[in-house]
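Residue-level listing of the chains:
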Amino acid sequence: QVQLVESGGGLVQAGGSLRLSCAASGRTVSSYAMGWFRQAPGKEREFVAGISGTGSRTLYGDSVKGRSTISRDNAQNTVYLQLNSLKHEDTAVYYCAVRWYRGGISTGPREYDYWGQGTQVTVSS
């Protein structure tokens, strides 16, 4: 089993930045694609960014493209999401997930096998 714990969320003013972290424990995730998703109240879970096991490939959702950077430190078993130029519509619970049983980055939440509990990001306008 893999446990994922997100941190770094909070309240930030529009235009500000946040760095989210996702720490994995129980198993090493260095060989596995990981993703960040978000879910606002009343909306479906949305793909934000994904990264391959080596970190050589990344993919971003249209809503954050150009404003975010996903990275990973496999020595620390941790994945990061840097969010810049935050907007009110970025307000959501942000989740990280690992694609354990299948390879490669995917934008579909059902393709990911283990999830964290999420961290709230609130952007005040």
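To be clear, the structure that these remarks concern was listed above.
So, how was this worked out
Residues numbered from 1 in each chain as written. Predicted model: local features only at pLDDT ≥ 70, side-chain atom pairs only at ≥ 80, totals over all residues. Heavy atoms only, no water. Pairing = 2+ DSSP bridges. Helix = DSSP H or I, 4+ residues; strand = E, 2+ residues; numbered from the N terminus. Axes fitted to C-alpha atoms, helices over the stretch in contact; angles between N-to-C directions. Buried < 20%, exposed > 50% of the residue type's maximum accessible area, 1.4 Å probe, protein only. Contact = heavy atoms within 4.5 Å. Phe/Tyr/Trp six-rings, centres within 6.5 Å; stacked < 30°, edge-to-face > 60°.

### Examining the sheet that holds strand β8 (residues 78–83)
Working definition: the strands of a sheet are paired by backbone hydrogen bonds and lie parallel or antiparallel to each other. Read across the open sheet, the 4 strands follow the order β1-β3-β8-β7; overall the sheet is antiparallel. The open sheet has two edge strands, β1 (3–7) and β7 (68–73), and neither has a second partner. With direction set aside, neighbouring strand axes in the sheet form an average angle of 15 degrees.

### What about unusual backbone geometry?
One non-glycine residue, N77, adopts positive backbone phi at about 55 degrees. Look at S85: it is not a glycine, yet its phi comes out positive at around 50 degrees. As for its position among the elements, S85 is in the loop between β8 and β9 (92–98).

### Structural notes on the environment of S124
You can see S124 is positioned in strand β11 (residues 119–124). On the accessibility criterion, S124 (28% relative accessible area) is partly exposed. In contact with S124, not counting residues within four places along its chain, are L11, V12, Q13 and A14.

### Brief notes about the packing of aromatic side chains
For the structure shown, the criterion picks out 8 aromatic pairs. Judged by centre distance (4.0 Å) and plane angle (20 degrees), the rings of Y32 and W100 are stacked. Here W100 lies in the loop between β9 and β10 (114–115) and Y32 lies in the loop between β3 (18–25) and β4 (34–39), a separation of 68 residues in the sequence. Overall, Y32 belongs to the partly exposed group, its relative accessible area being 23%. Exposure remark for W100: the relative accessible area of 11% places this residue in the buried category. Between F37 and W115, the ring centres sit 5.1 Å apart and the planes meet at 55 degrees, which makes this aromatic pair tilted. Of this pair, F37 sits in strand β4 while W115 sits in strand β10, and the two are 78 residues apart along the sequence.

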